[in-house]
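# Geometric and topological summary
This is what each chain is made of:
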Amino acid sequence: MIHSLFLVNSSGDIFLEKHWKSVVSRSVCDYFFEAQERASEPENVPPVIPTPHHYLISVLRHRIYFVAVIQSEVPPLFVIEFLHRVVDTFQDYFGVCTEAAIKDNVVVVYELLEEMLDNGFPLATESNILKELIKPPTILRTVVNTITGSTNVGEQLPTGQLSVVPWRRTGVKYTNNEAYFDVVEEIDAIIDKSGSTITAEIQGVIDACVKLTGMPDLTLSFMNPRLLDDVSFHPCVRFKRWEAERILSFIPPDGNFRLLSYHVSSQNLVAIPVYVKHNITFREGSSQGRFELTLGPKQTMGKAVESVLVNSQLPRGVLNVNLNPSQGTYTFDPVTKLLSWDLGKINPQKLPSLKGSMSLQAGACKPDENPTINIQFKIQQMAISGLKVNRLDMYGEKYKPFKGIKYMTKAGKFQVRT
Amino acid sequence: MTDSKYFTTTKKGEIFELKAELNSDKKEKKKEAVKKVIASMTVGKDVSALFPDVVNCMQTDNLELKKLVYLYLMNYAKSQPDMAIMAVNTFVKDCEDPNPLIRALAVRTMGCIRVDKITEYLCEPLRKCLKDEDPYVRKTAAVCVAKLHDINAQLVEDQGFLDTLKDLISDSNPMVVANAVAALSEIAESHPNSNLLDLNPQTINKLLTALNECTEWGQIFILDCLANYMPRDDRESQSICERVTPRLSHANSAVVLSAVKVLMKFMEMLPKDLDYYGTLLKKLAPPLVTLLSAEPELQYVALRNINLIVQKRPEILKHEMKVFFVKYNDPIYVKLEKLDIMIRLASQANIAQVLAELKEYATEVDVDFVRKAVRAIGRCAIKVEQSAERCVSTLLDLIQTKVNYVVQEAIVVIKDIFRKYPNKYESVIATLCENLDSLDEPEARAAMIWIVGEYAERIDNADELLESFLEGFHDESTQVQLQLLTAIVKLFLKKPTETQELVQQVLSLATQDSDNPDLRDRGYIYWRLLSTDPVAAKEVVLAEKPLISEETDLIEPTLLEELICHIGTLASVYHKPPSAFVEGSRGVQHKRLPPRSGSGESTESPEVGQPGGTGPEATPAVIPSQSDLLGDLLNLDLGPPASGSVPAPTSGMQMGAVDLLGSGLDTLVGGPTVNMGAGFAGAPAVMPASLNAPVGGGLGDLFDLGSSMGMTTGAYVAPKSVWLPAMKAKGLEISGTFSRRAGVIQMELSLTNKAMSIMTDFAIQFNRNSFGLAPAGPLQVLTPLSPNQTIEVSLPLNNVGPVMKMEPLNNLQVAVKNNIDVFYFSCQYPISILFVEDGKMERQVFLATWKDITGENEAQFQIKDCHINSDAASNKLQSSNMFTIAKRIVDGQDMLYQSMKLSNGIWVLAELRLQAGSPNYTLSLKCRAPEVSQYVFQYYETVLKN
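Residues numbered from 1 in each chain as written. Chains lettered and ligands numbered in written order. Predicted model: local features only at pLDDT ≥ 70, side-chain atom pairs only at ≥ 80, totals over all residues. Heavy atoms only, no water.

## What to know about the confidence of the model for chain B
Residue and element names in this part refer to chain B. Across chain B, the average pLDDT comes to 77, with 83% of residues at or above 70. Low pLDDT, under 50, characterises residues 598–713; the stretch is placed with 202 contacts to residues that sit more than four places away or in other chains. Confidence estimates for the predicted assembly give a pTM of 0.66 and an ipTM of 0.77. (pLDDT = per-residue confidence, 0-100. Contact = heavy atoms within 4.5 Å.)

Here you go:
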């Protein structure tokens, strides 16, 4: 099982270590540092590194490496999933997961890590339960604690841990009962030079914020459940019911949680909401190159495409660019060669464009690689897959809750090759 | 205010100050002080001097304070064992606390204090907690047993905690079950042969029930444990699969992958024509695809496993090619893995798409990735014949880009394409020659030189080209030098008139001016060959080359099967068996896929799936089991190799033959040197005497043999011997032997009644045995056996019975019942009855496997006084399903390369050396389970002498 955990910052210092079994010397991280040196980019450090006596499994989040040390055969995914859970928990507790936040809350961090693993076995990883055991630090609570002498640690046995619905604490009470669901879809796509789609898929999630008194039993049904053939559920969802009736039936955890994530990969279901016209050329023997980029909406069901940001890694030979955006602003970093254009909203009447020239190193030959254009955007009030919630019903409690549902589409890894 | 304030005090006397605060009356001050102590501890300051003061704070009803003190204790108890005793009382008291949270915390913390004196006191509270009414306490205690076992294994066994832990598998609370399984799995890792997790249908059922209700982590433990179970039949296997399938929709990717492992393993047992089999295949694809949209670290592990799955069952993901397309901001380790899988999935249907993608990748920035992409194009050409033309034109396009490393990689792969499809694409040679100057890497230079030499007759200025390389001969790497030598000799044989000077120059460079023995040797060989008999030289050097194999980097099948059983583990990430690298696994457990039952391809008897359960699994074993060892043959401890083993043969022939296939280029080199034995007669005087040994040769005749085996006569069957004398069995005498006929193992029995009364109601059962042999039907003795009558019975056997390692391995304990009594006897079966009909390995696989199995797993034996020639031996062995893959004659010795496969999937590879005129044969056996070697040898001896 998991032996130890080291947190390493971007400058390569170990700033926290925690051992669940016997102490493993810090020097084991030297193997990690070697791998880190070999990697060209921070994210290229391999996630599993063997050393003579241990294995190091690491994830990089918020520019901190979480390095777990294991000694025997342990499923690596188990370790990685657990590390993600640690990151999520820190973020949940401290708002951000940064070196400063962790150092500021080092005792809470220790208490948390101690609760999350026992002898390397996961103990309590549900944020609901952890929060009952260890209260998250807030400014108010710190002040109150200092004055009254009360503590951060819950006195009660986390009852939820033993019930049949371990994800929900008992005795929940709200004056305003509300249940909100966000359907968020990210579209990952690779578009080739000619504008045709090479791959496109949708990663969707339904995040919920449920604040309901007592033990509500919810059912959520969809207009078009057939879209969802590849789904991962929160443990609260009754799988049998889904298999039989395609209805989500569940007793929700209290607060924020991810009800479901899904994946739509069949290409004809994935609409591409924007198109790009581009002309990026270098002439042989000339130190100038041409750059033209125009974006336009496509298959958006009349919704506006907003917060559009275009990034492109230009070839190394490019010294500088001189471009003229029809809207928004652009920046070019001559060191990293990253071109970034923040153009805001796409107006279908007047399509945004970015045109101008690139100057190349004098005498350098024409760059061989073609820059890839990376696009980020958001579309409110629409799920690009067409997924629609039909209705939400509540059983088991008498009151009438407020219900709400929001849709949003975002670009995930949306790449256009040139 | 944050915790960082605890770090700020750096005044002198800090310890003193803390001491005062710890002893303060005010609770709040105490707690702040402990927090300061903990904070100092986390940054590595030594605060052990405060031990007594901190321990004094332990007796508190404040939970946070208690926890902090516990944190401190865990850290320092080891360094201050005597002081730690002070804490014991509080622990023991806390274990009786009415609050289950406190009880659990106390027992959990005690387990973390690795001090012998404390562990002694831990036993009683732990025993109580294991039986606590509160499941939270029980599940904590379960883990504590594992902790204690880590500190003092003997104590845990003596105190009977293991049994209590086993009982917890049947606990009513799913979390307790999960933790018990986790603890047992961890303990079992250090006791590979103990049957801690004795899985039977009842426990399996309990685990499956708990699976639905426990936490995600618990599900991982349970699924991993389930994967070790061997279902009795396909129906049980299907029902487990059905109950595991919902886990594929879990949000935790580790759960998903563990579920995939269970399904991949149990699927093996399902008949392929079953509807459910198809359904299951379809269900496996989406979760695997979903794993690829997760974080890159998860993707990497998933991809490594998908790589295995694709090799085992390509049909699962054959329509999902697109998800493996590379995104430009994927980390490099993800990119390379995706590329590898793309090639594995490439087929005629999707090749166009794949090629377009690969071409795109070849213009990326990352050099390593670009190189691999170019190589991938070549691999596609070799794999999918229809695409070869398109691949070649794509490669030519890439060569036109003139990007140096792209051109070099392209040339290396085009050479392979020439090898695979001779006389098809040679028109591109002109284009290749244009790029001669830009090649600076040895591999690319060597490839280009090979092309020039091979097609010298089509290249007008081949001599000039080669000559230009010759100028800097001594600065080239060995690879290039060897290639240049061969190429020039080829050129000379093709255009002898113009190139005599050139060939002399290169031969003298190679033989006189070089320090490299390989180069010198090869130079001498050519020299002598050319000077003795140019016609023979032509035949040898310009001989037709064997085609190169399609996929060179497939994982060898036995290893693949083992890795499939280890999906989701480190082994699957490294594609190595766990025994190869996991430290601390003190015994190695080889896992294997269960045999498929019911379908035609298997070797089990047809009765297998039949209802009614006449097999031994339906009724309890007659013989009380003598040992409760679980281990099937593959669970064996592969410790020291068999005592008779010797290091791998150094004959060089073998090594040469293996290497020949190992790398494309060397093959070329090996080709020309075949059959050169005769040419030695007029050797130059400088020829080193050692020359006749290291020649790689023999490829041709090594491989020509396989199919030439005649049809076989019946396999050798040993005469019957008496197994159960009449004295011991109240007048019943049993003698018998074993045979294998048409894929079915038969136990031939003669039952003789030497008593005075009639015998009836015969029945037979086997005890668990190494290979799971079991009667496939009842013992057919229909008429009563009257006194002095003998009856011959043939009992078909299958090998789906329960497995347990026996000593000796081929021992079989049998119980026979009649109207008088039950009799026990044991007999030994020849291992050959387990050799299955499809035990003939592909040559390439054979070579790869032979190379892959290390020397420790090799055993060598002498067979004495044997008078039989190699063909007869080969025929004889073939009738026992011992197949000759290849035959070679070296130095007057006949070498037979043979393979056989045991019914449980173990492959045994053999090399039999027969010296003409000498009655002594040498047998080398390689096998991943070296225990069987001895028995295989015994059988060889029996067959060859009879």
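## Details of the state of the cysteines
Cysteine pairs can be linked by a disulfide, which is a covalent bond between their two sulfur atoms. Under the defined criterion, the tally for this structure stands at zero disulfides over all chains. Of all cysteine sulfurs, the one in Cys 95 of chain B lies closest to Cys 129 of chain B, which takes part in no disulfide; the gap is 4.7 Å. (Disulfide = S-S within 2.5 Å.)

## Considerations on the packing of aromatic side chains
According to the stated counting rule, one finds 28 aromatic pairs over all chains in the structure shown. Ring centres of Trp 723 of chain B and Phe 738 of chain B lie 5.3 Å apart, and the angle between their planes is 40°; on these two criteria the pair is classed as tilted. Taken as a pair, Trp 723 of chain B in strand S1 (residues 721–724) and Phe 738 of chain B in strand S2 (residues 732–741) lie far apart in primary sequence, 15 residues in all. On the basis of an interplanar angle of 80° and a centroid distance of 6.5 Å, the ring pair of Phe 835 of chain B and Tyr 939 of chain B is categorised as edge-to-face. Residue Phe 835 of chain B is found in the loop between strand S8 (822–828) and helix H35 (843–852), and its partner Tyr 939 of chain B is found in helix H37 (residues 933–945); the two are separated by 104 residues along the sequence. Across the pair, exposure class does not vary: Phe 835 of chain B and Tyr 939 of chain B are buried alike. Ring pairs connect the aromatic residues Phe 78, Phe 82 and Phe 121 of chain A together with Trp 217 and Phe 221 of chain B, which therefore count as one cluster. Taking the ring centre of Phe 369 of chain B as reference, the NZ or CZ of Lys 335 of chain B above it sits at 5.1 Å. (Phe/Tyr/Trp six-rings, centres within 6.5 Å; stacked < 30°, edge-to-face > 60°. Helix = DSSP H or I, 4+ residues; strand = E, 2+ residues; numbered from the N terminus. Buried < 20%, exposed > 50% of the residue type's maximum accessible area, 1.4 Å probe, protein only. Lys NZ or Arg CZ within 6 Å of the ring centre and 35° of its normal.)

## Remarks on the interface of chain B and chain A
Tallying the contact residues gives 89 residues for chain B and 92 residues for chain A. Approximately 8,000 Å² of surface area, both sides summed, lies buried where chain B meets chain A, with 58% of it carried by carbon and sulfur atoms. Where chain B packs against chain A, one counts 10 salt bridges. With its nearest N and O atoms 3.6 Å apart, the salt bridge here joins Glu 115 of chain A to Arg 108 of chain B. Put simply, chain B and chain A have 20 residue pairs in polar contact (both at pLDDT 80 or more) between them. For the side of chain B that touches chain A, the element with the highest residue contribution is helix H8 (residues 135–151) of chain B, accounting for seven residues. (Buried area = accessible area lost by both parts, 1.4 Å probe. Salt bridge = Lys/Arg side-chain N within 4 Å of Asp/Glu carboxyl O. Polar contact = N/O pair within 3.5 Å; in protein donor to acceptor, adjacent residues only side chain to side chain.)

## Some remarks on the side chain of Gln 299 of chain B
All names here are of chain B. Tracing the sequence through the fold places Gln 299 in helix H17 (residues 296–312). On the accessibility criterion, Gln 299 (6% relative accessible area) is buried. Residues within four places of Gln 299 in sequence aside, it is in contact with Leu 291, Leu 292, Ala 294, Val 334 and Lys 338.

## Details of the environment of Ala 349 of chain B
Looking at where Ala 349 of chain B falls in the secondary structure, it is placed in the loop between helix H18 (332–345) and helix H19 (351–361). On a C-alpha basis, the gap between Ala 349 of chain B and His 319 of chain B in space is 9.5 Å, while along the polypeptide they are 30 residues apart.

## Concerning the environment of Glu 297 of chain B
One can find Glu 297 of chain B in helix H17. When its relative accessible area of 5% is taken as the criterion, Glu 297 of chain B is described as buried. Those residues within four positions of Glu 297 of chain B in sequence are excluded, and the remaining contacts are Pro 47, Ser 58, Val 59, Leu 60, Arg 61, Ile 80 and His 84 of chain A together with Tyr 333 of chain B. A distance of 3.1 Å separates a polar side-chain atom of Glu 297 of chain B from the backbone nitrogen of Leu 60 of chain A. Within the structure, Glu 297 of chain B has its side chain in polar contact with the side chain of Arg 61 of chain A (distance 3.1 Å).

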